[in-house]
Amino acid sequence: MGVESLVTDLCVKFADIQLPDIHEDDLAVIAMPVFAGRVPALAVERLRMVKPNGAKCVVVAVFGNRAYDDALLEMQDVATEMGFRVIAAVAAVAEHSIIRKYGKDRPDADDEQTLRHFGADIFNKAERDDSTMPLVQGNHPYKKAGIVPQPKGRRGCNRCGVCAKQCPADAIPLSDPKTVDTKKCISCMKCVSICPTGARSIGFIMNFLATQGLKKVCATRKENELYI
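About the cut-offs
- Residues numbered from 1 in each chain as written.
- Predicted model: local features only at pLDDT ≥ 70, side-chain atom pairs only at ≥ 80, totals over all residues.
- Heavy atoms only, no water.
- Helix = DSSP H or I, 4+ residues; strand = E, 2+ residues; numbered from the N terminus.
- Rg over C-alpha atoms; globule rule 2.2 N^0.38 Å.
- Buried < 20%, exposed > 50% of the residue type's maximum accessible area, 1.4 Å probe, protein only.
- Contact = heavy atoms within 4.5 Å.
- Areas by Shrake-Rupley, 256 points an atom, 1.4 Å probe, with all protein chains shown as cover.
- Lys, Arg positive; Asp, Glu negative; His and termini not counted.
- Charge placed at Lys NZ, Arg CZ, Asp CG, Glu CD.
- Core = buried A, V, L, I, M, F, W, Y, C linked by side-chain atoms within 4.5 Å.
- Pairing = 2+ DSSP bridges.
- Axes fitted to C-alpha atoms, helices over the stretch in contact; angles between N-to-C directions.
- Salt bridge = Lys/Arg side-chain N within 4 Å of Asp/Glu carboxyl O.
- Phe/Tyr/Trp six-rings, centres within 6.5 Å; stacked < 30°, edge-to-face > 60°.
- Patch = residues over 30% accessible without salt bridge, like charges linked within 9 Å, V, L, I, M, F, W, Y side chains within 5 Å.

Asks: Just to check I follow, could you spell out the overall build of the protein chain for this structure?
Replies: Each helix and strand in the protein chain was counted, giving six helices and six strands. Beginning at the N terminus, the succession of helices and strands in the protein chain can be written as β-α-β-α-β-α-β-α-α-β-α-β. Taking 228 residues into account, the globule formula puts the C-alpha radius of gyration at 17 Å, and the protein chain, at 18 Å, falls close to it. When its C-alpha atoms are laid out on the principal axes, the protein chain stretches across 55 × 40 × 40 Å. Taking all 228 residues of the protein chain together, 40% fall into the buried category. Within the protein chain, contacts between residues separated by at least 24 positions form 81% of all contacts whose residues are at least 6 apart in sequence. Counting every atom, the protein chain has about 13100 Å² of accessible surface; 54% of that belongs to carbon and sulfur. Mean positive and mean negative side-chain charge positions of the protein chain (31 and 28 charges, respectively) differ by 12 Å.

Written as structure tokens, this is what we have:
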């Protein structure tokens, strides 16, 4: 028997958000990136717009081979407070969003195999109608979110406006896309990944400092973790 799935992307312009219609017998998967040990406040704000209707859910914190700190616990807390029944939590490793040599090419084949096993275990728990909440690693109060570099348009920027049109936080003015509204920017690096000329970045100096700062903690391969 097949399982129907629907993907909802909340990392878009606010006007383009289409909220999912969730039912009590659904299994929702909520995934967020980890930025400096926490999840983005904007992501949490948008998640709270969703009506859970008592559905079971899995929270997934995706981190760039450093650590997920209190992010997974924060996601579980928010989802539970909203009315979801959290039955599992996953810490999933991916390529670092800023210094891409850390966690390069992840998730890889080993990750995919591990995550498939996680998925089977989670699905079996849901099929048993087991709604027990997992004991997730993390601390209360949560750690203070660290400072993450904010990208700007650099040499080669032709002011095409692609980044401004797709920035989920509306932090890049279309009138001057080389700049950034530092109060709105959440350092998601979406603008960096979609820039057609590769001109948007955090700059050479910040890249060097971030690389050195992460060198020790990102040197060893981190593994995916399942709480169920």
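Let us keep going from here.
Asks: Looking at this model, I keep getting lost on the nonpolar core. Mind explaining?
Replies: For soluble globular proteins, the rule of thumb is that nonpolar side chains tend to be buried together. Ranked by internal contacts, the top residues of the largest apolar core, which has 29 residues, are I30, C57, V59, L72 and F84. Looking at this core element by element, the count peaks at seven residues for helix α2 (residues 71–82).

Asks: Got a minute to help me understand the sheet that holds strand β3 (residues 85–93) in this structure?
Replies: Pairing between sheet strands relies on hydrogen bonds along the backbone, with the strands arranged either parallel or antiparallel. Across the sheet, four strands lie side by side as β1-β2-β3-β6; this open sheet has mixed pairing. Single-partner strands in this sheet number two, and they are β1 (27–33) and β6 (225–227). Ignoring strand direction, the axes of neighbouring strands in this sheet form an average angle of 15°. As paired elements, β1 and strand β2 (residues 56–63) share seven bridges and run parallel to each other. Across the sheet, the residue bridging to P33 is V62, located in β2. With respect to the sheet, α2 is in contact with β1, β2, β3 and β6, its orientation differing from that of β2 by roughly 155°. Contacts from helix α3 (residues 109–127) reach β1, β2, β3 and β6 within the one sheet, and its direction differs from that of β3 by about 180°.

Asks: For this particular structure, what's the right way to read the pattern of salt bridges?
Replies: Two side chains that carry opposite charge are able to pair once their charged atoms sit near each other. Inspection of the entire model under this criterion finds 13 salt bridges. With a shortest N-O distance of 3.7 Å, D176 and R159 are connected by a salt bridge. Remark: R159 occurs in the loop between β4 (152–153) and α4 (162–166) and D176 occurs in the loop between α4 and α5 (190–194); sequence separation between them is 17 residues. Each of R106, D108, D111, R221 and E223 takes part in salt bridges that share partners, so that together they form one network.

Asks: Is there a simple way to explain the packing of aromatic side chains in this structure?
Replies: For any pair of aromatic rings, the description consists of the separation of the ring centres together with the inter-plane angle of the planes. Under the definition given, this model contains one aromatic pair. Ring geometry for F63 and Y68: centres 5.5 Å apart, planes at 55°, overall tilted. Given the relative accessible area of 4%, F63 is considered buried.

Asks: It is not clear to me how the side chain of R46 should be interpreted in this structure. Could you clarify?
Replies: Mapped onto the elements, R46 comes out in helix α1 (residues 41–47). Ignoring any residue separated from it by four or fewer positions in sequence, one finds R46 in contact with L10, C11, V12, K13, F14, I17 and P168.

Asks: So what exactly am I meant to see when it comes to unusual backbone geometry here?
Replies: Among all residues except glycine, the phi angle is most often negative; among peptide bonds, the trans geometry is most common. R106 connects to P107 through a cis peptide bond whose omega is 10°. Mapped onto the fold, P107 is located in the loop between β3 and α3. Note the cis peptide between H140 and P141, where omega equals -5°. Mapped onto the elements of the fold, P141 is located in the loop between α3 and β4.

Asks: How should I be thinking about a nonpolar patch on the surface in this particular structure?
Replies: Together, F204, I205, M206, F208 and L209 make up a nonpolar patch on the protein surface, roughly 580 Å² of accessible area in all. Checked against the element boundaries, M206 lands in helix α6 (residues 204–214). Looking at M206, the relative accessible area reads 37%, which means it is partly exposed.

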